[in-house]
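The residues making up each chain are set out below.
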Amino acid sequence: MNLESALNRKYVKWAAIWGVWTLFAFFFASQVALQMQSQLSENQPSFWRVLSWQLFSGYVWFAISPVILWLGKRFVFEDGRWKTSIPIHFTASLVIAVVQLAIDAYVLPKLGYMRRYETATYFQIFKIFLLVNVHFGVAIYWGVLGVQQAIKYYRKYRERELRTSQLEARLATSRLQVLKMQLHPHFLFNTLNAISELIYRDAESAERMISDLSDLLRMSFENLEVQEIPLKQELEFLEKYLEIEQMRFHDRLKVEMQIAPDTLDASVPNMILQPLVENAIKHGIGPRSEGGQINIGAVRHNGHLQLTVSDNGLGVPFGDVENLNEGVGISNTRRRLRHLYGEGHSFSLNNAVNSGLVVDLTIPFKELRDGAKAKAENLSGAFDTV
């Protein structure tokens, strides 16, 4: 199949070259015909006769083109080789121009060209052709060579541009992977710390928490190399995490999810919600003796997916969100979103109306797969205390 494709490209290439020489023949034929008409002399040749002359000359150049193209590939101008290549091409242009004119001088008179020199010998006609057209022949050689070199440099530019874009994509992927991997030890450390708090106080809960942690680790490692997953899968991971946290806080932590059913298959960055929820628990709900509630929402609006994580905790001291000292979770989330979506996303932290903090995240809406949507009732509604 590759050989067939290469042959097809080769045929297309030479068909295009043949077409160009044919167009040149029509162009020069029309020019010569108009010049002859302006002379107002009798016995003017027809346009089709003039065209036959130009077509013959054009097709001679078409037959010579492979030689010019081979010389262009063999004697290049880059890497300091132009000092050798230019003299070679200059000599070749003279030789090829002379050969082409020699062929024209032999055939064109037989097609009715230069009738006033019917009694002239071949060498006399050849001399006239040389004096009139040798410079034009040299120019044609350099024109063909120039087009070849221009196409060659354009292809190199495109290949270099493609390689650069591929390297940038790989670099961006690597950076995203590093950012994502930073979340795993951070999340694992905090969860183990929570387990250690329960080991002596509530061994049964600690044992269940270890079981939930193993499920979490399995889920996270299953998607270790994946940057984006369906929102449904992200919420399943978040639900496991919240079960662990609710064992820590008992009735002090409540969670409510309001997830629009048409958002469950939406593509979201892997582990994008867990650090935001962890931040709300650690800084908003945890310091309060009475605990609090976290609300998680997802809606589709104007081609975008809007995610919200809010709490009724302590909020930002003095309401100074602008100068908030962001931890690993928030700063990491910002960098990941910037790498994945550039200017196509928004991420903001704002004080809630009464108390607490609201995190709003908007990204372009796209689905990773088609198919029936999972029922929202499985993931929406209030989480009761464990």
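Higher on the page you've got the structure.
Here's what I pulled together on the structure shown here. (Residues numbered from 1 in each chain as written. Predicted model: local features only at pLDDT ≥ 70, side-chain atom pairs only at ≥ 80, totals over all residues. Heavy atoms only, no water.)

As a further point, take unusual backbone geometry. A positive phi angle is found at Met 271, which is not glycine, with a value near 60 degrees. For Met 271, a relative accessible area of 2% translates into the label buried. Within the chain, Asn 302 stands out as a residue other than glycine whose phi angle is a positive 50 degrees. In this structure, Asn 302 sits in the loop between β4 (292-301) and β5 (304-311). (Buried < 20%, exposed > 50% of the residue type's maximum accessible area, 1.4 Å probe, protein only. Helix = DSSP H or I, 4+ residues; strand = E, 2+ residues; numbered from the N terminus.)

Looking at chain direction, strand β2 (residues 253-259) and β4 are connected through seven bridges and run parallel. Counterpart to Gln 258 in the pairing with β4 is Gly 297. Across eight bridges, the pairing between β4 and β5 is antiparallel. Residue pairing across strands places His 301 opposite His 304, the latter belonging to β5. Hairpin connection, β4 to β5: the antiparallel pair is bridged by two residues, and Asn 302 has positive phi, about 50 degrees. (Pairing = 2+ DSSP bridges.)

Another aspect to go through is the pattern of salt bridges. The tally for this structure, following the rule as stated, stands at five salt bridges. In this structure, the salt-bridge partner of Asp 215 is Lys 240, at a minimum N-O distance of 3.2 Å. Placement of Asp 215 in helix α5 (residues 203-222) and of Lys 240 in helix α6 (residues 231-249) is noted, with a sequence separation of 25 residues between them. (Salt bridge = Lys/Arg side-chain N within 4 Å of Asp/Glu carboxyl O.)

Another aspect to go through is the nonpolar core. Counting 50 residues, the largest nonpolar core has Leu 238, Leu 242, Val 277 and Ile 294 as its most contacted members. Considering each element in turn, this core owes the most residues, nine residues, to α6. (Core = buried A, V, L, I, M, F, W, Y, C linked by side-chain atoms within 4.5 Å.)

Applying the stated rule across the entire model yields 14 aromatic pairs. Note on Trp 18 and Tyr 59: the rings are 5.8 Å apart at their centroids and 10 degrees apart in plane angle, and the pair reads as stacked. Here Trp 18 is found in helix α1 (residues 2-38), whereas its partner Tyr 59 is found in helix α2 (residues 47-74), with 41 residues between them in sequence. Residue class for Trp 18 comes out partly exposed when judged on its relative accessible area of 42%. By relative accessible area, Tyr 59 is classed as partly exposed at 28%. Summarising the aromatic geometry, the rings of Tyr 122 and Phe 126 are spaced 6.0 Å apart at their centres and angled 5 degrees between planes, so their arrangement reads as stacked. Linking Tyr 122 with Phe 126, this pair stays in helix α4 (residues 122-199), spanning four residues, or about one helical turn. Three or more aromatic residues joined by ring pairs form one cluster here, namely Trp 21, Phe 24, Phe 27, Phe 28, Trp 61 and Phe 136. Looking at Arg 74, its charged tip hangs above the ring of Phe 75, at a distance of 5.1 Å from the centre. (Phe/Tyr/Trp six-rings, centres within 6.5 Å; stacked < 30°, edge-to-face > 60°. Lys NZ or Arg CZ within 6 Å of the ring centre and 35° of its normal.)

Looking now at a positive patch on the surface. Together, Lys 10, Lys 13, Lys 73 and Arg 155 give the surface a local cluster of positive charge. Relative to the helices and strands, Lys 73 resides in helix α2. (Patch = residues over 30% accessible without salt bridge, like charges linked within 9 Å, V, L, I, M, F, W, Y side chains within 5 Å. Areas by Shrake-Rupley, 256 points an atom, 1.4 Å probe, with all protein chains shown as cover. Lys, Arg positive; Asp, Glu negative; His and termini not counted. Charge placed at Lys NZ, Arg CZ, Asp CG, Glu CD.)

Quick look at the side chain of Gln 100 now. Topologically, Gln 100 is positioned in helix α3 (residues 82-107). The class for Gln 100 is buried, based on a relative accessible area of 3%. In terms of polar contacts, Gln 100 uses its side chain to reach the side chain of Asp 104, at 2.8 Å. Apart from residues lying up to four places away in sequence, Gln 100 is in contact with Ser 57, Val 60, Trp 61 and Ile 64. (Polar contact = N/O pair within 3.5 Å; in protein donor to acceptor, adjacent residues only side chain to side chain. Contact = heavy atoms within 4.5 Å.)

A word on the side chain of Gln 149. Among the secondary structure elements, Gln 149 is positioned in helix α4. A relative accessible area of 7% means that Gln 149 is categorised as buried. In contact with Gln 149, not counting residues within four places along its chain, are Gly 72 and Phe 77.

With that out of the way, let us pick up the packing of α6 against helix α7 (residues 274-285). Contact geometry for α6 and α7: axes closest at 10 Å, N-to-C directions at 20 degrees. Taken together, the axes of α6 and α7 lie roughly parallel to each other. Taken as a pair, α6 and α7 cross one another with a handedness that is right-handed. Note on element contacts: α7 touches α6 through Gln 274, Val 277, Glu 278 and Ile 281, opposite Glu 234, Phe 237, Leu 238, Tyr 241, Leu 242, Glu 245 and Phe 249. Looking at side-chain class alone, the contact of α6 with α7 contains seven nonpolar, one polar and three charged residues. (Axes fitted to C-alpha atoms, helices over the stretch in contact; angles between N-to-C directions. Parallel < 35°, antiparallel > 145°, perpendicular 65-115°, else oblique. Left-handed = near helix turned anticlockwise from the far one by under 90°. Nonpolar A, V, L, I, M, F, W, Y, C, P; charged D, E, K, R; others polar.)

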